[in-house]
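Chain residues, written in single-letter form:
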Amino acid sequence: SGIYEYINVTKTGSNGSVGLIQLNRPKALNALCNGLVNEVGQALDILEADSSVGAIVITGSEKAFAAGADIKEMANKTYSETYSENFTQNWARVSTVRKPVLAAVNGFALGGGCELAMMCDIIYAGETAKFGQPEILLGVLPGVGGTQRLTRAIGKSKAMEIVLTGNQVPAQEAEKMGLVSKIFPVDQLVNETVKIAEKIASNSQLANAAAKECVNVAFETTLTEGLHFEKRMFHGCFATKDQKEGMAAFIEKRKANFTNE
Ligand code: CAA
């Protein structure tokens, strides 16, 4: 973890099966500067390649998951700079991870912070978490998925309200909307999220990745095509040793021992 300036990376859970990325730029409430986002990408590359890791948790501090893109870093950018560097392209790494990624959100998840959480597969929140897309108040708009992933997650009227008012949404409301899956007490959030990640990590990694791919296809295609894709992926599971092991373990009334083959 010593190679990073803005994040801490550890392996936790049984046999180090959970990769934990903690955003650690406290003086700026984890504002997502270019260096921080690049480090998250590097950490994800390493955790993705580590076969002992079955799931990944991204968290911040109790005060802030992340207060958005770094306003000071981008304030003076010109259009031609943002366009030629394809500004925020490096954020996409989070959404291409094949292992399950869980966000554990305490405190502020605003702007790019909310967008980063939405790139994860499941969002858990602490009781005092606050979500929002305040970009409109800065004279811009959410530029890393806030108008797209939020709309798909909670529908048009709620998404429009959040994007156009810039208001903060408390965790309890975010849970009702379906943005957040569960709420935990602030001091237990990370432990509880790691426990769930540990459970997910004990599945077949092949089945996890295939299931994740199938759910994500639901956002990209028609129902008929999605069901077709799902069925073929289901059929594909029967080519794995993990399918044989999982079903044999059920029949033999024992715990499955998946080998990701
Ligand atoms: N960028 C850069 N610095 C930030 C920051 C951000 N997004 N958010 C907070 N900081 C810095 C503050 O400037 C401050 O630094 P100094 O001590 O040097 O002044 C420090 O973090 C602490 O912040 P505050 O003093 O403001 O803390 P607070 O508790 O009073 O308020 C807050 C907390 C409501 C989250 C407030 O900091 C805030 O409104 N932050 C900005 C939120 C925002 O607008 N986010 C959207 C960014 S745009 C974006 O994300 C675009 C995109 O889609 C990619």
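Definitions and limits used
- Residues numbered from 1 in each chain as written.
- Predicted model: local features only at pLDDT ≥ 70, side-chain atom pairs only at ≥ 80, totals over all residues.
- Heavy atoms only, no water.
- UniProt positions renumbered as here; feature names shortened; annotations may be inferred.
- Buried < 20%, exposed > 50% of the residue type's maximum accessible area, 1.4 Å probe, protein only.
- Helix = DSSP H or I, 4+ residues; strand = E, 2+ residues; numbered from the N terminus.
- Pairing = 2+ DSSP bridges.
- Right-handed = clockwise from strand over helix to strand, strands pointing away.
- Salt bridge = Lys/Arg side-chain N within 4 Å of Asp/Glu carboxyl O.
- Axes fitted to C-alpha atoms, helices over the stretch in contact; angles between N-to-C directions.
- Contact = heavy atoms within 4.5 Å.
- Parallel < 35°, antiparallel > 145°, perpendicular 65-115°, else oblique.
- Nonpolar A, V, L, I, M, F, W, Y, C, P; charged D, E, K, R; others polar.

If you check an unreviewed UniProt entry, the chain appears there as Enoyl-CoA hydratase, mitochondrial from Phaedon cochleariae. The annotation that UniProt attaches to the chain under Subcellular location (unreviewed entry) is "Mitochondrion matrix". Under the UniProt heading Pathway (unreviewed entry), the entry covering the chain gives this text: "Lipid metabolism."

Asks: So what exactly am I meant to see when it comes to the pairing of strand S3 (residues 55–59) here?
Replies: On any regular strand, side chains alternate: one points to one face of the sheet, the next to the other face. Counting buried positions along S3 yields five of five residues, so the element is predominantly enclosed. Side chains Ala55, Val57 and Thr59 project from S3 onto one buried face, and the interleaved Ile56 and Ile58 project onto a second face that is buried too. Bridge count between strand S2 (residues 18–23) and S3: five bridges; the pairing is parallel. When the bridges of S3 are listed, glycine 19 appears paired with isoleucine 56. With respect to chirality, the unit in which S2 leads through helix H1 (residues 34–49) into the neighbouring parallel S3 is right-handed. Across four bridges, the pairing between S3 and strand S5 (residues 101–105) is parallel. Among the inter-strand pairings, isoleucine 58 is bridged to a residue of S5, identified as alanine 103.

Asks: I'm lost on the sheet that holds strand S6 (residues 108–110) in this one. Help?
Replies: Across a sheet, paired strands are connected by hydrogen bonds in the backbone, their directions being either parallel or antiparallel. Taken in spatial order, the four strands of this open sheet run S4-S6-S8-S9, and their pairing is mixed. Both outer strands of the open sheet, strand S4 (64–66) and strand S9 (169–170), are each paired with one neighbouring strand and no more. Bridge count for strand S8 (residues 130–132) against S9 is two bridges, and the pairing is antiparallel. In the strand pairing of S9, lysine 130 is matched with proline 170.

Asks: Looking at this structure, how should I read the pattern of salt bridges?
Replies: Note that side chains of opposite charge can pair when their charged atoms are close. On inspection of all chains with the given rule, the structure shows ten salt bridges. For glutamate 252, the salt bridge is made with arginine 254, and the minimal N-O distance between the two is 2.7 Å. Ionic contacts of the salt-bridge type, sharing partners, join the residues Asp45, Glu48 and Arg93 into one network.

Asks: Looking at this structure, how should I read the sheet that holds S5?
Replies: Here we have six strands laid out as an open sheet, ordered S1-S2-S3-S5-S7-S10, and mixed in their pairing. In this open sheet, the two strands that pair with only one neighbour each are strand S1 (7–12) and strand S10 (182–184). Across the sheet, the mean angle from the axis of one strand to that of its neighbour is 20°, orientation sign disregarded. Across three bridges, strand S7 (residues 122–126) lies against S10 in parallel orientation. Paired with tyrosine 124 across the strands is lysine 182, a residue of S10. Along the sheet, H1 makes contact with S1, S2 and S3, crossing S2 at roughly 175°.

Asks: Where do I start with the packing of helix H9 (residues 205–217) against helix H10 (residues 223–237) in this structure?
Replies: How two helices pack is summed up by the angle between their axes together with the distance between the axes. Where H9 contacts H10, the two axes come as close as 9 Å, and the packing angle between them is 175°. With respect to H10, the element H9 is oriented roughly antiparallel. Two secondary-structure elements touch here, H9 through Ala210, Glu213, Cys214 and Val217 and H10 through Gly226, Phe229, Glu230 and Met233. Looking at the contact of H9 with H10, its residues break down into five nonpolar, one polar and two charged.

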